[in-house]
Amino acid sequence: MLKRLDRIRFRGQRRDELAESPNTSDTEETEDTGDTEELSPAVSQDEPRTDLNEVQELLEIALLEKHFLHEELRKLKQESNVDLLEQELEKERSMRLQLEQKINDILKSSHDDSACQTPKAPPPDTPAGSSADKQQDTLYSRVLTFLYKHVGVYIEDFRFQPEETPVETEEPLSARRLTENMRRLKRGYRPVRHFLQNLSALSSWYSAYTSAVVFIVYMYAAWHGWAIPMFLFLAILRLSLNYLIARGWRIQWSIVPELVESVEPPKEDRTMSEKFQLVLVVAQKAQNIFGRMADVLEKIKNLLMWVQPELTQKLYAGLWVAFIASCLLPYDLLGFIIAVFAGIKFFIITFIFKSCPKLRQRFDTPYIIWTNLPTDLQVKERDSITLNRRVPVGVSRDEDGGRYYSTKRGAFHEVFNLPESERPLTTCENGWRCCLINRDRKTLAEYIRNGVLYITENYLCFESSSSRSGSSKRNRVFKLLDIKEIQKHKVLSVLPGSGMGISIAISSTLKPLVFGAMIHRDEAFEAISNQHNKILAVATDTNPETE
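In what follows, the accompanying structure is described. Position labels on residues start from 1 in each chain and follow its written sequence. Per-residue local features of the predicted model are confined to residues with pLDDT of at least 70, and side-chain atom pairs are confined, for both listing and counting, to 80 or more; whole-chain, interface and lining totals are unaffected and use all residues. Computation of side-chain values: all heavy atoms of the structure, hydrogens and water removed.

Comments concerning the nonpolar core
Then, number 1: Core analysis: the biggest nonpolar cluster contains 24 residues, and Leu453, Leu460 and Phe515 have the highest contact counts within it.
Then, number 2: By the criteria applied, helices consist of DSSP H or I runs no shorter than four residues and strands consist of E runs no shorter than two, each listed in order from the N terminus. At the level of secondary structure, the elements contributing two or more residues to this core comprise strand 3 (432-437), strand 4 (448-455), strand 5 (459-464), strand 7 (483-489), strand 8 (501-506), strand 9 (513-516) and helix 18 (521-542).
Then, number 3: The biggest single contributor to this core is helix 18, with five residues.
Then, number 4: Residue contacts are defined here by distance: any two heavy atoms, one from each residue, within 4.5 Å place the two residues in contact. Once residues within four sequence positions are removed from consideration, leucine 460 is found in contact with Leu453, Tyr454, Ile455, Arg476, Val477, Phe478, Leu480, Ile483, Ile504, Phe515 and Ile528.
Then, number 5: As used here, the term nonpolar core means buried Ala, Val, Leu, Ile, Met, Phe, Trp, Tyr and Cys residues forming a set that is joined through side-chain atoms within 4.5 Å. Between buried and exposed lies partly exposed: a residue is buried under 20% and exposed over 50% of the maximum accessible area for its type, with that area taken using a 1.4 Å probe on protein chains only. Grouped together as the second largest cluster of nonpolar side chains are 10 residues, Met219, Ala221, Ala339 and Val340 included.

Considerations on the packing of aromatic side chains
Then, number 1: Two rings from Phe, Tyr or Trp (for Trp, the six-membered ring) form a pair when their centres sit within 6.5 Å of each other. Planes less than 30 degrees apart are called stacked, planes more than 60 degrees apart edge-to-face, and all others tilted. Here the structure, examined in full by the defined rule, presents 13 aromatic pairs.
Then, number 2: Centre to centre, the rings of tyrosine 316 and tryptophan 320 are 6.3 Å apart; their planes meet at 80°, and the pair counts as edge-to-face. Within this pair, tyrosine 316 and its partner tryptophan 320 are both found in helix 10 (residues 309-328), separated by four residues, close to a single helical turn.
Then, number 3: Classification of tryptophan 320 by relative accessible area gives partly exposed; the value is 44%.
Then, number 4: Aromatic side chains phenylalanine 462 and phenylalanine 515 sit 6.1 Å apart centroid to centroid with 55° between the ring planes, which places their arrangement in the tilted category. Taken together, the positions of phenylalanine 462 in strand 5 and phenylalanine 515 in strand 9 put the pair 53 residues apart, joining distant regions of the chain. With respect to burial, phenylalanine 462 and phenylalanine 515 carry one shared label: buried.

Remarks on the pattern of salt bridges
Then, number 1: When a carboxyl oxygen of Asp or Glu is within 4 Å of a side-chain nitrogen of Lys or Arg, the pair counts as a salt bridge. Applying the stated criterion across every chain yields a total of eight salt bridges.
Then, number 2: Salt-bridge contacts for glutamate 90 lead to arginine 93; the nearest nitrogen and oxygen are separated by 3.4 Å. Within this pair, glutamate 90 and its partner arginine 93 are both found in helix 3 (residues 82-117), separated by three residues, close to a single helical turn.
Then, number 3: In this structure glutamate 90 comes out as partly exposed when scored by relative accessible area, which is 47%.
Then, number 4: The closest approach of N and O atoms between lysine 345 and aspartate 364, which form a salt bridge, is 3.5 Å. Taken together, the positions of lysine 345 in helix 11 (residues 331-355) and aspartate 364 in the loop between helix 12 (357-363) and helix 13 (365-372) put the pair 19 residues apart, joining distant regions of the chain.
Then, number 5: Sharing partners across several salt bridges, the network here consists of Lys345, Arg360 and Asp364.

Here it is, written out as structure tokens:
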């Protein structure tokens, strides 16, 4: 639209110049005699037409400008939300008027009450009474303005409004950001770790002189009932030292010398292999941290939910004893007993238990409870083992444990054409997902296959996921006695780490078979190698001549 307006304006200017040009031509034509006489009638006829065209174009320009300005005004109104602001302003004004009216009513009611309680005064005969009323009115007006200025603002703060929840933008996954967050977590946890190390050093008498002094001071404070003030004083002292350290003072006091860890500067020119290795290291650390946190939370939950009843009974009995003692004993005596017991437990009993592990395993109740508490994974494994051992009378083991001794396409012995006595071992009841790489084959469909690997007492079975029809043509079964060699294998040498595959040399194949992409590679390798060694030992015992 702006381009169209510019074009119209440009045409109007040019036509203005053209409208002015006949006047100049008239002045020039006065010098010439013959030509001006012939062209003057034509020019006089075109002048009113040009004027009408110019007026029409100017009107069009004005209408277009008006339309353009209306559009701009409408956009501005939509952007600024003038109507909403006016509505909010009216609401605020009405609320202010209501507050003023309420304050006036309160003041009037208090004035009426005071007037009713005081005796009626005689009618004012002199103008002195009227002056007193005026002073009283001015006083009330001042009080009213004072309350409105100082109290009205706070009353408006108590207005209920819907809570606005800000939307947090999630950052994209970045290897550099992940490593930086892990370093920040390590730096933030370092003071907590150092504090716990100092407490452990105090309880284990790492420095006998320091532990003896702290023990005497603590027991003296506990004996006189100053344990809580002592801890508060230590907190104030620690904050004061932190203030001096922040100001540049070098104050270092520690029982255990703090180890300064070398921090490598971040490299910007890393290769792809180094970046991948860095991501794997950071992911492993994060996995271990999350695993420890999950173990702690699951143990606390299982302790409170009676998953291990004999352990929760000890906590239950202890809580009852603490409750009865808090009801019967005075708080001074109860605090004294708790402080003295905590000092003896921390400085003497803990030192004895750390020095004598057998005594700790027998008599340290908190340690026994915490170490014997199961996590959710341990509870699940325990339930699966008990369910596996529970076989009703008259029911075969295959029918009872179908989910353990069957695959996705039928019973286990039917899928692999094995005797019914051959069942998966307890370590691989659900199998290990992997891909079979047969380097003797040339076609891609036969070279690599995805599936699940099982191990029985005498066989190594691979169930291919491509056997949709349920036929066992693509499934492979190998005897453990035919295995010549078992090794851990790395399929891609470019990737860091020890790999995720197992290489198995069998007498029936020219090249070793590779089972790659196994998440639980180490577990599968140990199970296969142990069963293979067991079968070889049994075979050598039965047939000693084969050696």
